[in-house]
Amino acid sequence: MARSEVRERRQDQSKRHKQGSEHKHSEKNDKEIENISSFHWDLWLILALNNWIFDFGRPIAAMWVPLSWSPLDLPSIGDYFHMAYNVVTPFCMLKLMERSKQRMSTAVSYLCVIIFVMGASIHLVGDSVNHRLIHLGYKNHLSVRENPIMKNLKPEGLVKSFELLYVYDEVIGHLMWYLPMFFSFFLFYCGCFSSNSRKPNYSALCLFLIVLSGASYWYIVVEGQIFPLFLFTFFSMLAVFLYKSYQGLTCNINGLFLLWTFTVTLVMAIVWSLMLWNDSILRQKYPGWLYMPEPWAYYTLYLS
């Protein structure tokens, strides 16, 4: 009798322990699901402010802050903005990938961040020199070779060095910067679908953040000359949305936020292009049907 009672007690204790661990595991899973599906106010707001202050505000700080504060042989205030951007953005990219329902391999996450930081750092150097040249009369709406200050440069072979700098700044730097960034957004978006049919509720602040973020990405897409990459990303996201909807899956509020943000970006980019469609001067630097003049080229041509 004593042995059977001891055995029964042990069995009861084992059952209670098992039920307790299952309950804790269930609570942990529920918490993780709630964190994944809830709106990521912190990351989206940080990214929007980061784009507006450290990206859009960077050339403003570089060109309008007096040279007595940052001489031509030292980094400008805009360069420090760029350094801050190069830290904040990859951090937010990593946090987004951590919160994705579709877990990505650490190798993909690390490669995206490494390539992003390398490309943005290349751009930092090229952009710093470009902003310094503007103080000396460089015109963004003209090509490197057609700029007046380059025509008087001796020896003439130095112009090729500045053209190489332009390639690193506007081509290599931008591709290594924006390819991993939009790829990370796309991977995060693909993990925003589930069988949960609950419709997300958009607050007024959420709608304001969509417009604020969409406008900031408009500047990134147009000034960065990456409209084809953005267009490919946007239509890929749209295709994923249609395919997942056909499967009966629903996109959560974070995925819809990203899709609506890029929709605002696309509309603003098209409006910008149509506004300047017949500008013969800008057409010389930006030929073709995917015509997207840089805002700062427009500024140096008409406003400076």
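Residues numbered from 1 in each chain as written. Predicted model: local features only at pLDDT ≥ 70, side-chain atom pairs only at ≥ 80, totals over all residues. Heavy atoms only, no water.

**Structural notes on the overall build of the protein**
And step 1. Counting its secondary structure elements, the protein contains eleven helices and two strands.
And step 2. For the protein, the α and β elements follow one another from N to C terminus as α-α-α-α-α-α-β-α-α-β-α-α-α.
And step 3. Here the protein holds 304 residues, and 42% of them are scored as buried.
And step 4. When contacts within the protein are restricted to residue pairs at least 6 apart in sequence, long-range pairs at least 24 apart make up 77% of them.
And step 5. Here the protein has roughly 17,100 Å² of accessible surface; of this, 66% comes from carbon and sulfur atoms. (Helix = DSSP H or I, 4+ residues; strand = E, 2+ residues; numbered from the N terminus. Buried < 20%, exposed > 50% of the residue type's maximum accessible area, 1.4 Å probe, protein only. Contact = heavy atoms within 4.5 Å. Areas by Shrake-Rupley, 256 points an atom, 1.4 Å probe, with all protein chains shown as cover.)

**A few points about the packing of aromatic side chains**
And step 1. Taken as a whole and assessed by the stated rule, the structure comprises 29 aromatic pairs.
And step 2. Centroid distance Phe 230 to Phe 262: 5.5 Å. Interplanar angle 80°. Geometry classified as edge-to-face. Taken together, the residues Phe 230 in helix H8 (residues 227-246) and Phe 262 in helix H9 (residues 253-275) connect sequence positions 32 residues apart. The pair formed by Phe 230 and Phe 262 is uniform in burial state, with each residue classed as buried.
And step 3. A centroid spacing of 5.8 Å and a plane angle of 70° characterise the contact between Trp 272 and Tyr 298, whose relative ring orientation is edge-to-face. (Phe/Tyr/Trp six-rings, centres within 6.5 Å; stacked < 30°, edge-to-face > 60°.)

**A closer look at the packing of H8 against H9**
And step 1. Between H8 and H9, the shortest axis-to-axis distance is 11 Å and the interhelical angle comes to 140°. By the criterion of interaxial angle, the relationship of H8 to H9 is oblique. As H8 runs across H9, the sense of the crossing is left-handed. Here Phe 227, Phe 230, Leu 231, Thr 233, Phe 234, Met 237 and Phe 241 of H8 lie close against H9, whose contacting residues are Leu 256, Leu 258, Leu 259, Phe 262, Thr 263, Thr 265, Leu 266 and Ala 269.
And step 2. Grouping the amino acids of the contact of H8 with H9 by side-chain chemistry returns twelve nonpolar, three polar and no charged. (Axes fitted to C-alpha atoms, helices over the stretch in contact; angles between N-to-C directions. Parallel < 35°, antiparallel > 145°, perpendicular 65-115°, else oblique. Left-handed = near helix turned anticlockwise from the far one by under 90°. Nonpolar A, V, L, I, M, F, W, Y, C, P; charged D, E, K, R; others polar.)

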